[in-house]
Amino acid sequence: MKPYQTALIALALASLSATAFAGRDEVLIQQTRKNQLAYEARIKQERQEQQKQQEKNTAQASGQAPEPAAESQPVAAPAH
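What counts, and where the lines are drawn
Residues numbered from 1 in each chain as written. Predicted model: local features only at pLDDT ≥ 70, side-chain atom pairs only at ≥ 80, totals over all residues. Heavy atoms only, no water. Helix = DSSP H or I, 4+ residues; strand = E, 2+ residues; numbered from the N terminus. Buried < 20%, exposed > 50% of the residue type's maximum accessible area, 1.4 Å probe, protein only. Salt bridge = Lys/Arg side-chain N within 4 Å of Asp/Glu carboxyl O. Patch = residues over 30% accessible without salt bridge, like charges linked within 9 Å, V, L, I, M, F, W, Y side chains within 5 Å. Areas by Shrake-Rupley, 256 points an atom, 1.4 Å probe, with all protein chains shown as cover. Expected span 1.5 Å × (residues − 1).

Before going further, it helps to examine the overall build of the protein. The number of helices and strands found in the protein is one helix and zero strands. Expressed as a percentage of the 80 residues in the protein, the buried residues total 4%.

Below is the structure:
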């Protein structure tokens, strides 16, 4: 095999390897973003629940009925 053929093969293999790593990196980026969005949604829900509980506690302490939440939560469909 001539030196330029070896160099071309090495270049082709390096290119394929770089493409594979780039594809893997993209998958990791997408998974990380998905996990981040799920984490942010969970934190938001926990904060809303804490706020509701705090409002309920405040209303009970002052002897008033709790005020309806400004933002309504979606209701889960009944299981069949």
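There's more to say after this.
Our focus in this paragraph is the pattern of salt bridges. By the definition in use, this model includes two salt bridges. Note that E46 is salt-bridged to R42, the shortest N-O span being 3.7 Å. Taken together, the positions of E46 and R42, both in helix α1 (residues 3-62) and four residues apart, correspond to about one turn of that helix.

On to a nonpolar patch on the surface. Together, M1, I9, L13 and L16 make up an exposed nonpolar region whose accessible area comes to about 480 Å². For L16, the position within the fold is in helix α1. Exposure remark for L16: the relative accessible area of 58% places this residue in the exposed category.

Further remarks concern α1. Taking 1.5 Å of rise per residue, the 60 residues of α1 would be expected to cover 88 Å, and the 87 Å separating its terminal C-alpha atoms lies within 8% of that figure. In the stretch just after α1, G63 is the one whose phi turns positive, near 80°.

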